[in-house]
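Here are the chains, one letter per residue:
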Amino acid sequence: MAEPAAHELTIFVVDDDAAIRDSLALMLGLAGHVSRLFPSAEAFISEWQPQWRGCVLADLRLPGMSGLDLQSWVREQGSRIPFVIITAHGDVPAARAAFRAHAIDFLEKPFDDEQLGHAVESAFAVEQQRLREDDRANADLARLQRLTEREREVLEHVTRGLHAKEIAAALGISTRTVEVHKSRIMEKLGVRNVAELVRFALSGK
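Per chain, the residues get numbers from 1 upward, laid out in the order the sequence is written. Selection of residues for local features in this predicted model requires a pLDDT of at least 70, selection of side-chain atom pairs for listing and counting requires 80 or more, and totals for whole chains, interfaces and linings are taken over all residues. Each side-chain value is derived from all of the structure's non-hydrogen atoms; neither hydrogens nor water enter the calculation.

Draft legend 1. Spotlight on the overall build of the protein chain. Numbering of helices and strands starts at the N terminus; helices are DSSP runs of H or I of at least 4 residues and strands are runs of E of at least 2. A tally of helices and strands in the protein chain yields nine helices and five strands. Ordering the α and β elements of the protein chain from the N terminus gives β-α-β-α-β-α-β-α-β-α-α-α-α-α. Atoms counted for the radius of gyration: C-alpha only. Globule rule: 2.2 Å times residue count to the power 0.38. Its C-alpha atoms give the protein chain a radius of gyration of 24 Å, more than 25% over the compact-globule value 17 Å for 205 residues. Each residue gets one of three labels from its accessible area relative to the maximum for its type: buried under 20%, exposed over 50%, partly exposed in between, using a 1.4 Å probe on protein chains only. In the protein chain, which comprises 205 residues, the proportion classed as buried is 40%. Whether two residues are in contact is decided by their heavy atoms: any pair within 4.5 Å suffices. In the protein chain, of all internal contacts separated by at least 6 residues, the share reaching a separation of at least 24 is 60%.

Here it is, written out as structure tokens:
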């Protein structure tokens with residue numbers, strides 16, 4: 001099965017009923033979505049790639065691992081890809097468990113195109129926000145990696161609230177040298193003042 005393009009939002013359908021998988025793929029395809037189909041949670045896990053983007057549409061009751069078990073497994077891998085749980089056997093405890101694990105929606109079969117469409121739209125909105133946050137975090141990390149070892153030391157002391165004289169004493173350098181380092185750090189990180197510098201540094205912790 002072809003791997004989805006890196007920029008493509010894909011709906012990963014996990015359901016043990018082949019007819020339902022095909023029906024969902026048709027519904028999603030008619031709405032312009034790309035989907036990949038899996039007959040079990042284990043099949044999904046065997047092909048799992050951390051860079052997958054989109055959402056997971058998983059049946060609650062599956063042979064082996066359940067949809068909720070799969071959701072927990074994906075979270076344990078450090079992924080925040082959104083989940084929509086579907087079931088023919090909906091109950092309040094299961095729905096509560098899904099939402100506690102940050103499922104976007106809990107759809108009871110049979111559901112129509114409109115219900116599915118709303119769930120996917122909500123999941124994609126959350127996913128796009130997640131990707132924007134990840135892009136910003138990666139850009140911030142790239143900027144931090146441009147700092148020299150000494151600049152990182154100065155930045156660490158700045159974030160602890162130390163003034164230039166205190167930093168100079170701690171590092172055994174002159175106050176003037178500390179100020180030069182701070183200026184270079186702010187230039188590399190694209191911040192305008194010490195307050196922004198501290199906020200930038202703390203946001204990456």
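Structure's up, so let's keep going.
Draft legend 2. Representation of the pattern of salt bridges. For this analysis, a salt bridge means a side-chain nitrogen from Lys or Arg found within 4 Å of a carboxyl oxygen belonging to Asp or Glu. Within this structure, the stated rule accounts for twelve salt bridges. A salt bridge links Asp15 to Lys109; the shortest N-O distance between them is 3.1 Å. Here Asp15, found in the loop between strand E1 (10–14) and helix H1 (18–30), pairs with Lys109, found in the loop between strand E5 (105–108) and helix H5 (113–144); they are 94 residues apart in sequence, far enough to count as distant. With a relative accessible area of 0%, Asp15 lands in the buried category. Where Lys188 meets Glu151, a salt bridge forms, and the shortest distance between an N and an O atom there is 2.9 Å.

Draft legend 3. Up close: unusual backbone geometry. Residue Pro110 is reached from Lys109 by a cis peptide bond, and omega for that bond is -5°. Within the fold, Pro110 resides in the loop between E5 and H5.

Draft legend 4. Examining the environment of Leu116 more closely. Among the structural elements, Leu116 can be located in helix H5. Considered as a pair, Leu116 and Val84 are 32 residues apart in the sequence and their alpha carbons are 9.4 Å apart.

Draft legend 5. Representation of the pairing of E1 within the structure. Across the five residues of E1, five count as buried, placing the element largely inside the fold. Residues of E1 alternate between two faces, with Thr10, Phe12 and Val14 on one and Ile11 and Val13 on the opposite face, all of them buried. Pairing between E1 and strand E2 (residues 34–38): five bridges, direction parallel. Bridge pairing in E2 links Phe12 to Arg36. We call a crossover right-handed when, viewed with both strands directed away from the observer, the connection leading from the first strand over the helix to the second proceeds clockwise. Regarding the hand of the β-α-β motif, the stretch spanning E1, H1 and E2 is right-handed. Note on pairing: DSSP must find at least two bridges between two strands before they are called paired. With five bridges joining them, E1 and strand E3 (residues 54–59) adopt parallel strand pairing. In the sheet register, Ile11 faces E3, and the bridge partner there is Cys55.

Draft legend 6. Quick peek at the packing of aromatic side chains. Each aromatic pair joins two rings of Phe, Tyr and Trp (for Trp, the six-membered one) with centres within 6.5 Å, and gets the label stacked for planes under 30 degrees apart, edge-to-face for over 60, and tilted for any other angle. Evaluated as defined, the whole model comprises eight aromatic pairs. Judged by centre distance (4.4 Å) and plane angle (15°), the ring pair of Phe12 and Trp52 falls under stacked. Residue Phe12 is found in strand E1, and its partner Trp52 is found in the loop between helix H2 (41–47) and E3; the two are separated by 40 residues along the sequence. For the pair formed by Phe12 and Trp52, the shared burial category is buried.

Draft legend 7. Examining the side chain of Arg130 more closely. Within the secondary structure, Arg130 is located in helix H5. If we skip the residues at most four places from it in the chain, Arg130 touches Trp52, Arg80 and Ile81.

Draft legend 8. Representation of the pairing of strand E4 (residues 83–87). Within E4, five of the five residues are buried, leaving the element largely enclosed by the surrounding structure. Neither face of E4 is exposed, since Phe83, Ile85 and Thr87 on one face and Val84 and Ile86 on the opposite face are all buried. Of the pairings in the sheet, the one linking E3 to E4 comprises four bridges and is parallel in character. In the strand pairing of E4, Val56 is matched with Phe83. Traced from E3 through helix H3 (residues 67–76) to E4, the parallel crossover comes out right-handed.

Draft legend 9. How the structure looks around the environment of Ser66. With respect to the helices and strands, Ser66 occurs in the loop between E3 and H3. Considering only alpha carbons, one finds Ser66 and Gln128, 62 residues apart in sequence, at a separation of 26 Å. When near neighbours in sequence (up to four residues on either side) are disregarded, Ser66 contacts Ala41, Asp59 and Leu60. In the analysis that follows, any N or O atom pair within 3.5 Å is treated as a polar contact, provided that within protein one partner can donate a hydrogen and the other can accept it, and provided that, for residues neighboring in sequence, both atoms belong to side chains. Reaching out from Ser66, the side chain makes a polar contact with the backbone nitrogen of Leu68 at a distance of 3.3 Å.

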